[in-house]
Amino acid sequence: MIVTEKLFEIEDQTEKLVQAILASESFETYKVNRQTMYSSKDVQAKQKAFLEAKDSFERIEAYGNHAPDFRTKQRAVRKAKRALDLSEEVAEFRFSETEIQTVLDLIGMAVAKTISDDIKVDAGNPFFEKGKHSGCGGSCHAS
(Lines give C-alpha, C1' and ligand atoms only; values in the text may rest on other atoms or scores of the structure.)
Protein backbone atom coordinates (compact mmCIF):
# COMPACT_ATOMS: atom_id res chain seq x y z
CA MET A 1 0.00 0.00 0.00
CA ILE A 2 1.24 3.44 -0.90
CA VAL A 3 0.99 6.06 1.83
CA THR A 4 -0.65 9.23 0.53
CA GLU A 5 -2.43 12.25 1.93
CA LYS A 6 -5.75 10.44 1.32
CA LEU A 7 -4.65 7.70 3.70
CA PHE A 8 -3.89 10.27 6.40
CA GLU A 9 -7.29 11.91 5.82
CA ILE A 10 -9.03 8.55 6.19
CA GLU A 11 -7.06 7.85 9.36
CA ASP A 12 -8.05 11.25 10.80
CA GLN A 13 -11.71 10.70 9.94
CA THR A 14 -11.61 7.24 11.49
CA GLU A 15 -10.14 8.64 14.69
CA LYS A 16 -12.87 11.32 14.82
CA LEU A 17 -15.52 8.63 14.32
CA VAL A 18 -14.08 6.51 17.13
CA GLN A 19 -13.97 9.52 19.46
CA ALA A 20 -17.58 10.39 18.58
CA ILE A 21 -18.68 6.83 19.38
CA LEU A 22 -16.79 6.82 22.68
CA ALA A 23 -18.35 10.18 23.63
CA SER A 24 -21.88 9.14 22.64
CA GLU A 25 -24.70 8.80 25.14
CA SER A 26 -25.23 5.18 24.03
CA PHE A 27 -21.64 4.27 24.88
CA GLU A 28 -21.78 6.08 28.22
CA THR A 29 -24.96 4.17 29.09
CA TYR A 30 -23.26 0.94 28.04
CA LYS A 31 -20.24 1.61 30.29
CA VAL A 32 -22.44 2.49 33.28
CA ASN A 33 -24.65 -0.59 32.79
CA ARG A 34 -21.60 -2.82 32.34
CA GLN A 35 -20.03 -1.54 35.55
CA THR A 36 -23.32 -1.87 37.43
CA MET A 37 -23.78 -5.44 36.21
CA TYR A 38 -20.25 -6.59 37.05
CA SER A 39 -20.29 -4.97 40.49
CA SER A 40 -23.71 -6.33 41.50
CA LYS A 41 -23.53 -8.98 44.24
CA ASP A 42 -26.92 -10.31 43.10
CA VAL A 43 -25.68 -10.82 39.53
CA GLN A 44 -22.48 -12.45 40.79
CA ALA A 45 -24.48 -14.89 42.92
CA LYS A 46 -26.83 -15.73 40.03
CA GLN A 47 -23.90 -16.15 37.66
CA LYS A 48 -22.17 -18.47 40.13
CA ALA A 49 -25.36 -20.52 40.53
CA PHE A 50 -25.72 -20.75 36.76
CA LEU A 51 -22.11 -21.82 36.21
CA GLU A 52 -22.36 -24.47 38.93
CA ALA A 53 -25.60 -25.84 37.48
CA LYS A 54 -24.11 -25.79 33.97
CA ASP A 55 -20.97 -27.59 35.12
CA SER A 56 -23.01 -30.22 36.94
CA PHE A 57 -25.16 -30.81 33.87
CA GLU A 58 -22.19 -30.92 31.45
CA ARG A 59 -20.65 -33.77 33.47
CA ILE A 60 -23.62 -36.03 32.70
CA GLU A 61 -24.83 -34.53 29.42
CA ALA A 62 -23.05 -37.09 27.22
CA TYR A 63 -25.06 -39.90 28.83
CA GLY A 64 -28.39 -38.32 27.91
CA ASN A 65 -31.55 -39.66 29.48
CA HIS A 66 -29.64 -42.61 30.91
CA ALA A 67 -27.87 -40.42 33.44
CA PRO A 68 -29.44 -40.04 36.86
CA ASP A 69 -31.15 -36.68 37.33
CA PHE A 70 -30.61 -35.71 33.68
CA ARG A 71 -33.89 -33.80 33.38
CA THR A 72 -33.55 -32.30 36.86
CA LYS A 73 -30.07 -30.94 36.12
CA GLN A 74 -31.13 -29.75 32.68
CA ARG A 75 -34.03 -27.81 34.19
CA ALA A 76 -31.77 -26.41 36.90
CA VAL A 77 -29.46 -24.96 34.23
CA ARG A 78 -32.38 -23.39 32.38
CA LYS A 79 -33.86 -22.01 35.58
CA ALA A 80 -30.52 -20.51 36.68
CA LYS A 81 -29.93 -19.02 33.22
CA ARG A 82 -33.40 -17.49 33.20
CA ALA A 83 -32.87 -16.01 36.67
CA LEU A 84 -29.59 -14.49 35.50
CA ASP A 85 -31.05 -13.14 32.25
CA LEU A 86 -34.08 -11.62 33.99
CA SER A 87 -31.93 -9.79 36.51
CA GLU A 88 -32.52 -6.06 36.05
CA GLU A 89 -28.80 -5.27 35.80
CA VAL A 90 -28.19 -7.94 33.15
CA ALA A 91 -31.27 -6.93 31.15
CA GLU A 92 -30.22 -3.26 31.15
CA PHE A 93 -26.69 -4.21 30.10
CA ARG A 94 -27.94 -6.41 27.26
CA PHE A 95 -30.25 -3.64 26.06
CA SER A 96 -27.43 -1.09 26.00
CA GLU A 97 -25.11 -3.64 24.37
CA THR A 98 -27.66 -4.16 21.58
CA GLU A 99 -28.01 -0.40 21.18
CA ILE A 100 -24.24 0.02 20.72
CA GLN A 101 -24.16 -2.90 18.27
CA THR A 102 -26.93 -1.26 16.24
CA VAL A 103 -24.94 1.99 16.09
CA LEU A 104 -21.87 0.09 14.90
CA ASP A 105 -23.94 -1.81 12.32
CA LEU A 106 -25.39 1.43 10.97
CA ILE A 107 -21.91 2.95 10.68
CA GLY A 108 -20.66 -0.16 8.90
CA MET A 109 -23.59 -0.04 6.47
CA ALA A 110 -23.03 3.67 5.80
CA VAL A 111 -19.32 3.20 5.11
CA ALA A 112 -19.96 0.19 2.86
CA LYS A 113 -22.69 1.99 0.95
CA THR A 114 -20.38 4.98 0.43
CA ILE A 115 -17.92 2.68 -1.30
CA SER A 116 -20.36 0.48 -3.23
CA ASP A 117 -23.95 -0.76 -3.05
CA ASP A 118 -22.66 -4.26 -3.81
CA ILE A 119 -20.77 -4.62 -0.52
CA LYS A 120 -22.49 -6.97 1.89
CA VAL A 121 -22.18 -6.08 5.57
CA ASP A 122 -22.41 -8.75 8.23
CA ALA A 123 -24.32 -7.00 11.00
CA GLY A 124 -23.75 -8.21 14.56
CA ASN A 125 -27.48 -8.11 15.26
CA PRO A 126 -29.37 -11.00 13.59
CA PHE A 127 -32.50 -8.83 13.36
CA PHE A 128 -30.68 -5.97 11.66
CA GLU A 129 -31.89 -5.17 8.15
CA LYS A 130 -29.18 -5.65 5.61
CA GLY A 131 -30.60 -3.25 3.04
CA LYS A 132 -31.04 -4.41 -0.56
CA HIS A 133 -28.69 -7.34 -0.18
CA SER A 134 -30.41 -10.69 -0.02
CA GLY A 135 -28.41 -13.85 -0.25
CA CYS A 136 -25.84 -14.61 -2.90
CA GLY A 137 -27.99 -14.28 -6.00
CA GLY A 138 -28.31 -18.03 -6.39
CA SER A 139 -24.79 -18.68 -7.63
CA CYS A 140 -23.11 -19.61 -4.36
CA HIS A 141 -24.64 -23.04 -3.81
CA ALA A 142 -22.70 -26.16 -4.70
CA SER A 143 -24.27 -28.43 -7.32
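Before any of the text, the structure's been laid out above.
The structure reproduced in this document is the subject of the present report. Quantities reported herein were computed from a predicted structural model and do not represent experimental measurements.

### Here's the deal with the overall build of the protein
- Secondary structure assignment for the protein yields 5 helices and 0 strands.
- For the protein, the succession of helices and strands along the chain, N to C, is α-α-α-α-α.
- Sorting the 143 residues of the protein into buried and exposed places 22% on the buried side.
- Look at the contacts in the protein between residues 6 or more apart in sequence, and 47% of them connect residues 24 or more apart.
- Accessible area of the protein: about 11200 Å², with a carbon and sulfur share of 55%.

### Examining the pattern of salt bridges
- As enumerated under the stated definition, the model contains 6 salt bridges in all.
- Taking the shortest distance from any N to any O, the salt bridge between lysine 31 and glutamate 28 comes out at 3.4 Å. One end of the pair, lysine 31, and the other, glutamate 28, are both in helix H2 (residues 25–39), 3 residues apart, so they sit about a helical turn from each other.
- Overall, lysine 31 belongs to the partly exposed group, its relative accessible area being 39%.
- Note that lysine 46 and aspartate 42 form a salt bridge whose closest N and O atoms lie 3.3 Å from each other. One end of the pair is lysine 46 and the other is aspartate 42, both in helix H3 (residues 41–61) and 4 residues apart, which spans about a single turn.
- What makes lysine 46 partly exposed here is its relative accessible area of 26%.

### Re unusual backbone geometry
- Although it is not a glycine, aspartate 69 sits at a positive phi angle of roughly 60°.
- For aspartate 69, a relative accessible area of 49% translates into the label partly exposed.

Basis of the calculations
Residues numbered from 1 in each chain as written. Predicted model: local features only at pLDDT ≥ 70, side-chain atom pairs only at ≥ 80, totals over all residues. Heavy atoms only, no water. Helix = DSSP H or I, 4+ residues; strand = E, 2+ residues; numbered from the N terminus. Buried < 20%, exposed > 50% of the residue type's maximum accessible area, 1.4 Å probe, protein only. Contact = heavy atoms within 4.5 Å. Areas by Shrake-Rupley, 256 points an atom, 1.4 Å probe, with all protein chains shown as cover. Salt bridge = Lys/Arg side-chain N within 4 Å of Asp/Glu carboxyl O.

So far we have only geometry, and geometry alone does not tell us how the molecule works.
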